[in-house]
Structure formats: structure tokens, C-alpha cells
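Topology and contacts: notes
Here is what each chain is made of, one letter per residue.
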Amino acid sequence: MNVRNFSIIAHVDHGKSTLADRILERLGAMGERDKRDQTLDTLELERERGITIKSTPIRLVYRRENGEEYVFNLIDTPGHVDFNYEVSRSLAACEGVLLLVDASQGVEAQTIVNAYLAIDNNLEIIPVINKIDLPAADPEGAAKELEEVIGIPADGAVFASGKSGIGIPEILEAVVERIPAPPGDPQAPLKALIFDSFYDAYQGVILLVRVLEGTLKPKDEIRLMNAGKNFEVDKVGTFSPALVVGDSLPAGAVGWVAAGIKDIHDAQVGDTLTGSDNPTTEPFPGFKPAQPVVFSGLYPTDTEDYRKLRDALEKLKLNDAAFSFEPETSEALGFGFRCGFLGLLHAEIIQERLEREYDLDLIATAPAVVYRVTLTNGEIFETQNPAEFPTRDRITSVEEPYIKLSIMLPEDYVGPVMQLLQERRGSMITMNYMGKRVELLYEVPFGEILYDFHDRLKSISRGYASMDYEQIGYREGDLRKVDIMVNNEVIDALAVIVHETKTYSLGRKIVDKMAEVIPRQMFPVPVQAVIGAKIIARATVKAFRKDVLAKCYGGDISRKKKLLDKQKKGRARMKQFGTVEVPQEAFLAVLSTE
Ligand code: GDP
Ligand code: MG
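These numbers were taken from a predicted model, which means no experiment stands behind them.

1. Observations regarding the overall build of the protein
When its secondary structure is counted, the protein shows 14 helices and 33 strands. Considering the protein as a whole, with its 594 residues, one finds that 55% of them fall into the buried category.

Right, dumping it as C-alpha cells:
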């Protein structure tokens, strides 16, 4: 059987899902299922947010005009920087990619990052200039930009529109002619790459694999090389995109494996699967265990919900090896969990799922990165919880994680964006001009982009700038812990870690925002930012009893009821401190845009 394994990569919104659906439709894969937009984006949240979180593959059959048949395995990749490692593993399962560029937008940050991931994996790149139906489209310009920026020859580009269907037959032919058939010997010792996994209540962990060598079949004794664990294969198969049971997966195939694996941490993305009797000599290179880099405390608003929250977290963890949690106690918030994520989007997704799918009301503390503190006694202490950050007198030095940040933007906005980066303690690596657009490469403390950076970048550049980043290790920094006091009491869960030069401005911002969102009381409530015993900023929640019903002149009952309901709802997400109620918003005051 002729096989082609490929993926579609693009900057967000350049039309990946639309084009994938057009291809599926053309190859008849939409017929058997109820046709709905964007088949590959399966999770409800994925469709709503317009991004892919899991790598969904689908097996398609393409028949050329001369009757030759090809199996196409189209692997959809996650579309966000939080999941770049998963993207790199999915690409490692392919021989080629369609690199989409929106003809009206040109090359953007994720276009470049994704193209380099493909180049690193030695993949054949088919440039597709998409959305050429748009009046503002400049297909030649976009193709030329690809050539200038990444060195992909413009004359190899296919002009297409996922919306109108222009160029789809040319794309399908290019996949056959330009992407190589997968190599590999079906008789060799088994070697397969795990590029994603999910949990199924009946079959346990389902591994998504690309077989590189040998043949994988039921009853095989397999070994996960990095995990160092053995299992027996129960079933194998392919994706329609629903799971279809098959007989075997030979070298070159993309498919799934069920092997009675109970714990998703035994089956991490990037691990290599081999036979336990006749193993391959080397695992597939580049394995990195999933490691959370952003942490936040999650607490039930209602303490009665603690168990329910724990059960929900367990369930989510079953499906997500990159997510971690452990019990945590806060003086202010009581019993909750310290949760680890791959990035802010990952954190938001998990919180949203807890609230929607598990019907939980949560208080989330501001996200924080992991700081490495050298104590005066020589010990090294890693902490992702600002409340635990040691006092100044116990610290010799602190290190914080850094990222390499790439920003693409029109030249008109370079000045203000460079100023923003300076405010965020960034230092420039290079600046590349490409026509009227510029790529800025910076090293920036990761903690500095957690707070409102992306929003500010977008607003400064009127939406034209795009960004991407990768972690590059730890650097020393002069960091301090700022505590927040409400009504003269420190609320541990509100503590933040801030660079020394910013303690005053950030303290100011937080107390002002808090004074704005904390409901007024019968008495004035002071809100203070403090470092140790020193008050650095102060604001007051003025005394006033807000009587919402006073606003309703006349006796419109339904309106009164609505207002009361609204007030009740708002209250559901508050925590009571003595007589003062602090809403969720206040916990994220540090994230608010100035
Ligand atoms: P993705 O984020 O790369 O998956 O992009 P989507 O496929 O979700 O498309 C983003 C937006 O562009 C949607 O509003 C689509 O309707 C629109 N779009 C996608 N392809 C085309 C196209 O070929 N032409 C036009 N005019 N719009 C398109
Ligand atoms: Mg999409």
C-alpha cells in the first residue's frame, strides 16, 4: 500500500482547520459522519476557541486519476505555543507538511516557528498560499516573503482557498509527488513513536503512534523504553477519525494501540515503543518528559467541594500527562491544590473544564513560574508558590526562568513594542527586517510575559503583532515577594514575586484594582501592598452599602429578580475574609491590564 504521512502547519487563523475539512470532504471522509465544521477539532473547547489541543490523526484514501490508491495519514497538530513539544512529536511522525500562509497576512511568528520545527525534522515542506479568494490577498507577495524569510522557494507554492476549494486537487497531487513514502522495514525489530495519548474508560490509555520499524500487532509484548515498562498489546487500529480496529500496523503506518495501560504517565508523548523480546537498539531521539512550567492554586469557593475538586482533577490528569496537582493549604483560602501547567492557555483550559464539565466554582490564584532560590545556608529551594517565597534575610540569590521570544510585526510598531519589551526586562538578541515587516528576537524573563503581555502587545500593534517563544533556562534576578493585606490582614494567596525595580508600580496596580473590585462595606477597608514590614502602596475600599434594589424605580418584579440573581451569581465566586468578601477578580488583579 502507498502511504503518505503529513500534517498541516500554520499561524493561528491562517485556515488550517478549514483546509483540513475541505480535504476530508474531497476524500469522502465526511460522508459517514454527520458533517459539521472542523471535524478534527473534537473537544468542545477546541471548537469554541478555534484551536486544537490534541493531535487528532485521520486516515484517508486518495485515488489518483490513473486509479492508483494512496493512504493519507493527516495528523492535526495543537495550535498553541504551550503545546510546542507535542507539535514537534506529531511532526516527527510525518514525512512532510503543508505550510499554510494566509495570502492577505503573510508570514507570521508561528509560521516561522512551525516551519523551523518541520525543517528540524527533515520534512518535505509544501508551501500553500491560502485564502486567495480574499480581495486583499497578495499570493505572489506571500510566496516571496516565505522565500525571503525562511528560504522556501516561491515557485513551489500552491495557491489555494480552503473556503472556495481552489487548489485542493493540486494540493492532493503535491502530497503524492513531493512527500516521500515512509521508510522502514516491516520485518525489523519494532520501533514506534508515541506522539499523543488519551484515556479511554474501557480500554485504558490509547497511544497514538507512528510505526518506524517492524510491525505492531495484538498479543505483542511491548516495552516503553523511557518509562521502562512492559505491556501486552490488546488492540491496534486506525482513525476514521473514530477508532477503527485493525489487524496490524506495519512500518510507515500511523494508528492507535491499546495495551491495558492504566496510568498515562507511563505512556508519555515522545517515548518509544519496542518489542520486549527483540528490542530496537536505540529509542527515538529527543524525548522530553512533560514538565509543567506555570503554577496556580485552585481552591473551591465552597469548602464542601474539596473532594469533588480532587476527583475532577484526578479525572483530568488521567488524560493529560502534562498537568500536575498536589494538595496545598492556604491560610486565606483553606484546602486546595497547587496545579502545574504547560502555559497560561493550558491553565485556562483546565480551569474552564473544571467549571463546565464538573460544575465547580473555583478561586484561582495568579499564575507563577518556578523560582530557584539559594538560601543563606547553601540549600537550593525551588518554589512555584509565592506564599512560600523565603524572606530576604534567608536568601543569597534567586534565579528565574527565561524565554527566547520571537515577535513579528509591521515596522510602524517597532518603537512602542521595543519599549514594552524593555518594560518587561527584555534584552534584544536581533532584529530582522523583511520588507515592511520586522522580526524581533528577545530574551525575556518568563514571569514577565505571564501578566498581560500578549494583550498589551496586541493593543499596541493594533492586532498586527504575533509572538511565539521557547524556554531557554534560568538567570539570576533581583526578585522580591510582595504581600497584600486586606483589612490589615495578610492574605497569603495574594502574594506575588516581583522584580526589585517594579515592586512599587505593581504594588500600586494591585491595590488600586483590588479597591475597585472588592464590594463596599459599612466601614472603610484598607488594602495594602507590603514588603516585609514596609508598606509600599495603599488604597481604600470606601464605606457604602450598595443597595441594588434602590436602582429599581417602580415595581418591576422581573427586573428586580434579575438584579438579585446577578448579584447572587457574582457572589458565588467570592471568598469571605472576616466580614470582607474578596472576589475572584481580586486574586487576578496582578493580571489586569493597566
Ligand atoms: P486555523 O486557526 O488555522 O484552523 O483557521 P480556520 O480554518 O479556523 O480559519 C480561520 C478563519 O479564516 C475562519 O473565519 C475561516 O472561515 C476563514 N478562512 C479559512 N480559510 C479561508 C479561505 O480560504 N478564504 C477565506 N476568505 N477565509 C478563510
Ligand atoms: Mg484550527
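2. Side note on unusual backbone geometry
For Lys-131, which is not glycine, the phi dihedral falls at a positive 60°. By the element assignment, Lys-131 lies in the loop between strand E5 (124–130) and helix H5 (139–150). The exposure class of Lys-131 is partly exposed, given its relative accessible area of 23%. The phi torsion at Asp-359 lies on the positive side, around 55°, for a residue other than glycine. By the element assignment, Asp-359 lies in the loop between helix H8 (344–357) and strand E20 (362–364). A relative accessible area of 59% places Asp-359 in the exposed class.

3. A few points about the sheet that holds strand E16 (residues 272–275)
Strand order in the open sheet made by the eight strands is E11-E10-E16-E7-E8-E15-E12-E13, with antiparallel pairing throughout. The open sheet has two free edges, formed respectively by strand E11 (229–232) and strand E13 (243–246), since each of these has just one partner strand. The sheet shows a mean angle of 40° between the axes of neighbouring strands, taken without regard to direction.

4. Section: the site of ligand 1
In the vicinity of ligand 1, 16 residues are found, and the nearest of them are Asp-13, Lys-16, Ser-17, Thr-18 and Asp-133. In this structure, Lys-131 approaches ligand 1 through a side-chain N or O atom, which is 2.9 Å from an oxygen atom. When ligand 1 sits alone it has 580 Å² of accessible area, and the protein chains cover 78% of it. At three residues, helix H1 (residues 16–26) tops the list of elements feeding residues into the shell around ligand 1. Of the residues in the shell around ligand 1, the class split is two nonpolar, nine polar and five charged.

5. Things to note about the pairing of strand E23 (residues 395–410)
Along E23, 13 of the 16 residues are buried, which leaves the element largely enclosed by surrounding structure. The pairing of strand E21 (residues 371–375) with E23 spans four bridges and is classified as antiparallel. The residue of E23 that forms the bridge with Val-373 is Val-398. Where E23 and strand E26 (residues 466–476) come together, ten bridges link them in antiparallel fashion. Across the sheet, the residue bridging to Lys-404 is Glu-470, located in E26. Inspection of the sheet shows E23 paired to strand E25 (residues 437–445) by nine bridges, in the antiparallel sense.

6. What to know about the sheet that holds strand E3 (residues 69–75)
Taken in spatial order, the six strands make up an open sheet running E2-E3-E1-E4-E5-E6, and their pairing is mixed. Every other strand in the sheet has two partners, leaving strand E2 (57–63) and strand E6 (158–159) as the edge strands with one partner each. Two strands pair when backbone bridges link them, and strand E1 (residues 2–10) and strand E4 (residues 96–102) are joined in this way by five bridges, in the parallel orientation. Across the sheet, the residue bridging to Ile-9 is Leu-99, located in E4. With respect to the sheet, H1 is in contact with E1, E2, E3 and E4, its orientation differing from that of E1 by roughly 155°.

7. Examining the pattern of salt bridges
A pair can form between side chains of opposite charge whenever their charged atoms are brought close. Summed over all chains, the structure comprises 25 salt bridges. With its nearest N and O atoms 3.3 Å apart, the salt bridge here joins Asp-220 to Lys-217. On the basis of relative accessibility, which here comes to 39%, the residue Lys-217 falls in the partly exposed class. Through salt bridges that share partners, Arg-64, Glu-68, Glu-173 and Glu-177 make up one connected network.

8. As for the packing of H1 against helix H6 (residues 168–178)
Contact geometry for H1 and H6: axes closest at 11 Å, N-to-C directions at 85°. Viewed along their axes, H1 and H6 adopt a mutual orientation that is roughly perpendicular. Counting all contacts with H1, which are made through Leu-19, Arg-22, Ile-23 and Arg-26, the residues of H6 involved are Ile-168, Pro-169, Ile-171 and Leu-172. Of the residues in the contact of H1 with H6, the class split is six nonpolar, no polar and two charged.

9. Observations regarding the confidence of the model for the protein
Of all residues in the protein, 90% attain a pLDDT of 70 or more, and the chain-wide mean is 88. Throughout residues 31–38 the model reports pLDDT below 50, and contacts reaching past four residues in sequence, or to other chains, amount to 16 contacts. Across the assembled chains, the prediction reports ipTM 0.99 with pTM 0.82.

10. Some thoughts on the packing of aromatic side chains
What the rule picks out here adds up to ten aromatic pairs. Judged by centre distance (6.0 Å) and plane angle (25°), the ring pair of Phe-323 and Phe-325 falls under stacked. Its relative accessible area of 1% is what places Phe-323 among the buried residues. Ring centres 5.6 Å apart and planes at 50° place the aromatic pair Phe-446 and Tyr-469 in the tilted group. In this pair, Phe-446 sits in helix H10 (residues 446–450) while Tyr-469 sits in strand E26, placing the two residues 23 residues apart along the sequence. Summarising the burial analysis for this pair, Phe-446 and Tyr-469 share the class buried. The side chain of Lys-317 reaches across the aromatic face of Phe-325, ending 5.3 Å from its centre. When the ring centre of Tyr-474 is taken as origin, the NZ or CZ atom of Arg-372, which lies over that ring, is 4.0 Å away.

11. A few points about H1
Across the eleven residues that make up H1, a large majority, eight, are buried. If you follow the buried residues of H1, they end up packed against E1, E2, E3, E4 and H6. Trailing H1 by a residue or two, Gly-28 shows a phi angle of about 75°, which is positive.

12. Things to note about the UniProt feature "binding site: GTP" (unreviewed entry) in the protein
Mapped onto this numbering, the UniProt entry gives "binding site: GTP" (unreviewed entry) at Asp-13, His-14, Gly-15, Lys-16, Ser-17, Thr-18, Asn-130, Lys-131, Ile-132 and Asp-133. Mapped onto the secondary structure, His-14 falls in the loop between E1 and H1. A residue is classified by how much of its surface remains accessible, and His-14, at 1% relative accessible area, is buried. With residues up to four places along the chain from it excluded, the contact list for His-14 reads Leu-100, Val-101, Asp-102, Gln-105, Gly-106, Glu-108, Thr-111, Asn-130 and Lys-131. Considering the arrangement of structural elements, one finds Asp-133 in the loop between E5 and H5. With relative accessibility at 37%, the residue Asp-133 sits in the partly exposed group. Those residues in contact with Asp-133, other than ones at most four positions away along the chain, are Ser-161 and Lys-163.

So, how was this worked out
- Residues numbered from 1 in each chain as written.
- Chains lettered and ligands numbered in written order.
- Predicted model: local features only at pLDDT ≥ 70, side-chain atom pairs only at ≥ 80, totals over all residues.
- Heavy atoms only, no water.
- Helix = DSSP H or I, 4+ residues; strand = E, 2+ residues; numbered from the N terminus.
- Buried < 20%, exposed > 50% of the residue type's maximum accessible area, 1.4 Å probe, protein only.
- Pairing = 2+ DSSP bridges.
- Axes fitted to C-alpha atoms, helices over the stretch in contact; angles between N-to-C directions.
- Near = heavy atom within 4 Å.
- Polar contact = N/O pair within 3.5 Å; in protein donor to acceptor, adjacent residues only side chain to side chain.
- Areas by Shrake-Rupley, 256 points an atom, 1.4 Å probe, with all protein chains shown as cover.
- Nonpolar A, V, L, I, M, F, W, Y, C, P; charged D, E, K, R; others polar.
- Contact = heavy atoms within 4.5 Å.
- Salt bridge = Lys/Arg side-chain N within 4 Å of Asp/Glu carboxyl O.
- Parallel < 35°, antiparallel > 145°, perpendicular 65-115°, else oblique.
- pLDDT = per-residue confidence, 0-100.
- Phe/Tyr/Trp six-rings, centres within 6.5 Å; stacked < 30°, edge-to-face > 60°.
- Lys NZ or Arg CZ within 6 Å of the ring centre and 35° of its normal.
- UniProt positions renumbered as here; feature names shortened; annotations may be inferred.

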